[in-house]
Amino acid sequence: MTKKHRENLPISPDDFMHEFMRFKRGSVTRRHFLGITGLGVATAVMSRIPGAFSSSAYAAGELGTQMSIATWPNYHDPATFENFKAATGVAVEVNVFGSNEEMLAKLQAGATGWSLFVPTNYTISTYHKLGLIDELDISKLPNFSAASENPRFTKEGQIDGKTYALPKNWGTTGFAVNTSKIKTTMKTWKDFFEVAQTEANNRAMVHDYQLTTIGSALVALGYGFNSIKPDELAKAEELLIKVKPHLFAINSDYQPAMRATDAWMTMCWTNDGAQLNRDVPAIDYILGTDGGEIWTDYYAIPKDAPNKAAGYALLNYLMDPQNAVKEHIANGAPTTDNRVISLLPKEIVSNKIVYPDEAALTPLEFGAAVTLTDPARAELMARFKSA
């Protein structure tokens, strides 16, 4: 019997899936897969498998064996990267950062080794201006659907009609309070800084991140979150220097201290607030009624990425709603993608930490690009940390 004759014989469902998994791993070519399974059968079955013929299927060795992503603490489901390796053979090294300033400094220094990273909305125009990120080739990202995205949280990834970043998720910056330790009712950033010096003395944390730490101090004083006015920054510095002796720590990775009850209160991002409340119900997440931050985090590819093929492959994998929904369940941050919302459990979609009412979002501001490179804010943060 000739090979050609064998390839025209009907294939069982079990054999089909065996060949499909070989194709997904890159062990065989598309041509082999279509030949061994029969074009008609393959097309009919594969049409029911999202992304089966997308860029997530690669020839053996096309993606290399490893890549690196720069991201934030407690921000991914570890199984995501394990499953990506199983599907592609590419191991993902995860680099964790506490601020966008750190990421910018690393990229400017060159040779980061990152093939994908997770910048916040207000930084993308600066990365573009400095020539540090690539325009994305959307044709390589068939799992992305612009039509299903909420433009409120995606617009800053586009510059002059070109796409430089795709959204990972959005969120807010509030504060987490262990109500079994702190009995004061807190509603504002003014409350936060007052309680940090009294009931939460030596038990409060602020971010190692100028945007939110300075921004929240400004809000507590009645100023705008993004202010760079010298007189307003001077007042914010006074407040921060006053509160510093009462702090437990200045650290953006605050979950360990909150879980251990070494800290009772901390500046906090949505995803951490959801995770902490889920595991320790006494920990509440509060959005300041006086203002604060709303944000979107994106995925972008550095211009000097050493493995751009793997960067695109991982990004496309993360844009698949079936993969993205697991990320959102694990990390607790709200999605920008309506396809993913439809897959989320009801208890997550109805969780007011993750999806607050519009009235709670109204006082909040997106970070402004000027704050990333403003020397006055950078110098203020340095003085605060060294005081």
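So, a few notes on the structure that sits alongside this text. (Residues numbered from 1 in each chain as written. Predicted model: local features only at pLDDT ≥ 70, side-chain atom pairs only at ≥ 80, totals over all residues. Heavy atoms only, no water.)

### Here's the deal with the sheet that holds strand S3 (residues 116-117)
The strand order S2-S1-S3 describes an open sheet built from 3 strands, whose pairing is parallel. Strand pairing shows two members of the sheet lacking a second neighbour, strand S2 (91-96) and S3, which therefore form its edges. Examined bridge by bridge, strand S1 (residues 66-71) and S3 share 2 bridges and lie parallel to one another. Bridging across to S3, Ala70 finds its partner in Phe117. (Pairing = 2+ DSSP bridges. Helix = DSSP H or I, 4+ residues; strand = E, 2+ residues; numbered from the N terminus.)

### With respect to the pattern of salt bridges
A complete count under the given rule lists 11 salt bridges for this structure. Close ionic contact of Asp357 with Lys352 constitutes a salt bridge, the shortest N to O distance being 2.8 Å. Here the salt bridges do not stand alone but share partners, grouping Asp134, Lys303 and Lys308 into one network. (Salt bridge = Lys/Arg side-chain N within 4 Å of Asp/Glu carboxyl O.)

### Some points on the packing of helix H10 (residues 230-243) against helix H19 (residues 375-386)
For the pair H10 and H19, interaxial distance at closest approach is 10 Å and the crossing angle is 15°. When the axes of H10 and H19 are compared, the pair comes out roughly parallel. In this structure, H10 meets H19 at a crossing whose hand is right-handed. Between H10 and H19, the contacting residues are Leu233, Glu237, Leu240 and Ile241 on the first element and Ala376, Arg377, Leu380, Arg383 and Phe384 on the second. Residue composition of the contact of H10 with H19, grouped by class: 6 nonpolar, no polar and 3 charged. (Axes fitted to C-alpha atoms, helices over the stretch in contact; angles between N-to-C directions. Parallel < 35°, antiparallel > 145°, perpendicular 65-115°, else oblique. Left-handed = near helix turned anticlockwise from the far one by under 90°. Contact = heavy atoms within 4.5 Å. Nonpolar A, V, L, I, M, F, W, Y, C, P; charged D, E, K, R; others polar.)

### Focus: the packing of aromatic side chains
Using the criterion set out here, one finds 15 aromatic pairs in the structure. Their ring planes at 50° and their centres at 5.4 Å tell us that Phe175 and Phe192 sit as a pair that is tilted. Of the two residues, Phe175 is situated in strand S6 (residues 166-178) and Phe192 in helix H8 (residues 189-196); the sequence distance between them amounts to 17 residues. Taken as a pair, Phe175 and Phe192 share a single burial class, namely buried. An aromatic cluster is defined as three or more aromatic residues linked by ring pairs; in this entry it consists of Trp72, Tyr209, Tyr254 and Trp269. Positioned above the aromatic ring of Tyr75 is the side chain of Lys168, whose terminal nitrogen or guanidinium carbon lies 4.4 Å from the ring centre. (Phe/Tyr/Trp six-rings, centres within 6.5 Å; stacked < 30°, edge-to-face > 60°. Buried < 20%, exposed > 50% of the residue type's maximum accessible area, 1.4 Å probe, protein only. Lys NZ or Arg CZ within 6 Å of the ring centre and 35° of its normal.)

### Thoughts on the packing of helix H12 (residues 270-279) against helix H14 (residues 321-331)
Interaxial distance between H12 and H14 falls to 8 Å at its minimum, and their mutual angle equals 65°. Only Ile329, Ala330 and Asn331 of H14 make contact with H12, whose side of the interface consists of Asn271, Gln275 and Arg278. Looking at side-chain class alone, the contact of H12 with H14 contains 2 nonpolar, 3 polar and 1 charged residues.

### Concerning the pairing of S6
Among the 13 residues that make up S6, 13 are buried, leaving the element largely enclosed by the rest of the structure. The pairing of S6 with strand S11 (residues 292-299) spans 7 bridges and is classified as antiparallel. Within S11, the residue paired with Asn169 across the bridge is Asp297. As paired strands, S6 and strand S9 (residues 265-269) are joined by 5 bridges and run antiparallel to one another.

### A short note on H12
Along H12, 7 of the 10 residues are buried, which leaves the element largely enclosed by surrounding structure. Listed in full, the buried residues belonging to H12 are Thr270, Asn271, Asp272, Gly273, Ala274, Gln275 and Leu276.

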